[in-house]
Amino acid sequence: MAKSKANNTLSITDNRTGKQYDLPIENDTIKAMDLRQIKVKKDDFGMMSYDPAYSNTASCTSRVTFIDGDKGELMYRGYPIDVLAKKSNFLEVSYLLLNGKLPNKKEFNTFEGNIMNHTMIHENIKKFIDGFRYDAHPMGMLMSTVAALSTFYPESKDIFDEETRKIQIHRLIAKMPTLAAFAYRHSMGMPYAYPDNDLSYAGNFLNMLYKMTELKYKPDPIMEKAIDVLLILHADHEQNCSASAMRNVGSSHPDPYSATAASIAALYGPLHGGANEGVLQMLAEIGHKDNIPKAIKAAKNGEFRLMGFGHRVYKSYDPRATIIKDIAHDVFQVTGKNPYLDIALELERIALEDEYFVKRKLYPNVDFYSGLIYQSMGIPTEMFTVLFAIGRTPGWLAQWKELLLDPERRIARPRQVYLGDKNLKYVPMSKRK
Ligand code: SDX
């Protein structure tokens, strides 16, 4: 029998006043604004919910990505991640995230053509990259050059024109690998290798990273496949920190390049995308399996974070980490085993038996093994989070597009609980202690 409306409510009693309130429940949530009617005095502001890191606050409705943290499930537009990793490719997944359905052959070819025909960047951008020190972090270079793209495409401010929005989305997905590879070549003191649009998206990225004097770069198919799958695994992850940055910044209606630069900034942090770089630094510091117990003890004492472990949502194994572990073995067949793999596997084994980690449901996340693959492919540690950003770009843009088309869209402006002083008397400098 359909539940009566009355059953779909949350009854709250304010014991300060004895008043009762019935708040409607929708999608297993209550609207925070419905709390505002709860007051003691008539002219009170009304009640708010307090959730400093939004741990239990839904900021939006979305149909892009679904995660079940307890079951370790991840789906893009309803398709399980392991199926997409096995059967799809990064550009098809990008189309899926952006359009909500898998493309037919014609749609895919058009989308792929649109992306691969926008891989070049304005020659002036090279001047920005040339201006960085040789040891500039590539995430700083990526963030800056993506923001700079907004000045080359001023028409991108017209974010509610569908065609304008579409071409900027194509440009961003297409140019990320070029900007990333140019940043890498700058840090190596090597000339820029231009895009080769005959290659696949992943193959072209490897080309721009590694092409030397040969006329045409030939990507190793196993490396090309590994990069493509890693990009799929990083493509979106619902309302993570950088996607929330995209939505927060996007809600004031800047162009997508500026909003994407903000997302890159959020991803850069070691608690988020920067963790994959942190894992390799941690493994290098541990240095040998014999040092693992000491590292585990330090982590349990809160002296440092086990990078690549733990997750706000996953309270079981991150499904992406499982897939990445399998890819690692394929890559190591070609590159030789990464010497840190044994330390990583032993660290995982010990941690997953340790009460501290078990009790806190701390498992390896997407960042724990990805860096081992990148390092074995000759990609420097500082580039790991840049690869994460390339993969996450279609996800950020899918969230951004969904935000713009959301009838409930408003500029993000949270409230606060004010605990500071009020109406203090201004004491002139001469009279201050
Ligand atoms: C990503 O949100 C996403 O979806 C992100 C992401 C995506 O695809 O976009 O999945 C990508 O960012 C993965 C996470 C990468 N970050 C790391 O690997 C850095 C190490 N991990 C932690 O910093 C932490 O686990 C977070 C940031 C990932 C999650 O932090 P939470 O949810 O705020 O957890 P918490 O800090 O409140 O920790 C809960 C407890 C604490 O102990 P107590 O205070 O209860 O005693 O667990 C401990 C923490 O000290 N803890 C860890 C730990 N992570 C949490 N202790 C040791 N090592 C860790 N890694």
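Okay, so let's go over this structure. No experiment lies behind these values; they were computed from the predicted model shown.

### Looking at helix α11 (residues 275-286)
Taking 1.5 Å of rise per residue, twelve residues should cover 16 Å, and α11 covers 16 Å from first to last C-alpha, within 8% of that figure. Judged by how many residues are buried, α11 sits mostly within the fold: nine of twelve residues are covered. Buried positions along α11 lie against α12 (292-300), α14 (340-353), α16 (366-376) and α17 (384-404). Once α11 finishes, Gly 287 follows within two positions and takes phi at roughly 75 degrees, a positive value.

### Here's the deal with the packing of helix α5 (residues 138-152) against α17
It is at 8 Å that the axes of α5 and α17 come closest, and there the two elements cross at 35 degrees. Residues Pro 138, Met 139 and Leu 142 of α5 form the contact with α17, whose own contacting residues are Thr 385, Val 386 and Ala 389. Residues of the contact of α5 with α17, tallied by class, amount to five nonpolar, one polar and no charged.

### Overview of helix α6 (residues 162-187)
Here α6 contains 26 residues, and its C-alpha end-to-end distance of 37 Å stays within 8% of the 38 Å for a straight helix at 1.5 Å per residue. Remark: Gly 189 follows α6 within two positions and exhibits a positive phi of approximately 70 degrees.

### Let's talk about the site of the ligand
Near the ligand, the surroundings consist of 22 residues, among which His 237, Arg 305, His 311, Arg 312 and Arg 320 are the closest. His 311 is positioned with one of its side-chain polar atoms (N or O) 2.6 Å from an oxygen atom of the ligand. Arg 320 has a polar side-chain atom sitting 2.6 Å from an oxygen atom of the ligand. When the ligand sits alone it has 1,000 Å² of accessible area, and the protein chains cover 75% of it. Split by residue class, the shell around the ligand holds nine nonpolar, seven polar and six charged.

### Comments concerning the packing of aromatic side chains
Within this structure, the stated rule accounts for 13 aromatic pairs. Measuring from centroid to centroid gives 6.3 Å for Tyr 184 and Tyr 210, while their planes differ by 80 degrees, and the two rings are edge-to-face. Placement of the pair is Tyr 184 in helix α6 and Tyr 210 in helix α7 (residues 201-210), with a sequence separation of 26 residues. Of the residues examined, Tyr 184 reaches a relative accessible area of 6% and is grouped as buried. Seen in terms of ring centroids, Phe 368 and Tyr 369 are 4.8 Å apart; in terms of plane orientation they differ by 80 degrees. Their pairing is edge-to-face. Residue Phe 368 is classed as buried on the basis of its relative accessible area, which comes to 0%. Judged by its relative accessible area of 1%, Tyr 369 falls in the buried class. Here a set of aromatic residues connected by ring pairs shows up, and it is made of Phe 309, Tyr 356, Phe 357, Phe 368 and Tyr 369.

### Section: the side chain of Thr 145
As for its placement among the helices and strands, Thr 145 is situated in helix α5. Within the structure, Thr 145 has its side chain in polar contact with the backbone oxygen of Leu 142 (distance 3.2 Å). Apart from residues no more than four positions distant in its own chain, Thr 145 is found in contact with Ile 125, Phe 128, Ile 129 and Leu 179.

### Things to note about the sheet that holds strand β4 (residues 73-76)
Pairing is antiparallel across the open sheet formed by three strands, whose spatial order is β3-β4-β5. Looking at which strands have only one partner, the edges of the open sheet turn out to be β3 (65-68) and β5 (79-80). Pairing of β4 with β5 involves two bridges; the strand directions are antiparallel. Bridge pairing in β5 places Met 75 opposite Pro 80.

### Notes on the layout of surface pockets
The volume enclosed by the second largest pocket comes to roughly 320 Å³. Lining the second largest pocket are 14 residues, with Tyr 95, Asn 99, Phe 111, Lys 166 and His 170 sitting closest to its centre. Contributing elements (two or more residues each) for the lining of the second largest pocket: α2 (90-99), α3 (105-116) and α6. Residues belonging to the lining of the second largest pocket are distributed by class as follows: four nonpolar, four polar and six charged.

### Structural notes on the environment of His 118
Topologically, His 118 is positioned in the loop between α3 and α4 (123-131). Distance from His 118 to His 170, taken between C-alpha atoms, is 7.1 Å for residues 52 residues apart in sequence.

### Notes on the side chain of His 186
Looking at the element boundaries, His 186 is found in helix α6. By relative accessible area, His 186 is classed as buried at 14%. Here Ile 129 takes part through its backbone oxygen, which lies 3.4 Å from a polar atom of the side chain of His 186. Setting aside anything within four residues of it in sequence, one finds His 186 in contact with Ile 129, Asp 130, Phe 132, Arg 133, Tyr 134, Met 141 and Tyr 192.

Parameters at a glance
Residues numbered from 1 in each chain as written. Predicted model: local features only at pLDDT ≥ 70, side-chain atom pairs only at ≥ 80, totals over all residues. Heavy atoms only, no water. Helix = DSSP H or I, 4+ residues; strand = E, 2+ residues; numbered from the N terminus. Expected span 1.5 Å × (residues − 1). Buried < 20%, exposed > 50% of the residue type's maximum accessible area, 1.4 Å probe, protein only. Contact = heavy atoms within 4.5 Å. Axes fitted to C-alpha atoms, helices over the stretch in contact; angles between N-to-C directions. Nonpolar A, V, L, I, M, F, W, Y, C, P; charged D, E, K, R; others polar. Near = heavy atom within 4 Å. Polar contact = N/O pair within 3.5 Å; in protein donor to acceptor, adjacent residues only side chain to side chain. Areas by Shrake-Rupley, 256 points an atom, 1.4 Å probe, with all protein chains shown as cover. Phe/Tyr/Trp six-rings, centres within 6.5 Å; stacked < 30°, edge-to-face > 60°. Pairing = 2+ DSSP bridges. 1 Å grid on protein atoms, 1.4 Å probe; cavity = no way out; pocket = protein on both sides within 12 Å on 5 of 7 lines; lining within 4 Å. Points joined across faces, edges and corners; volume = space filled by probe spheres on them.

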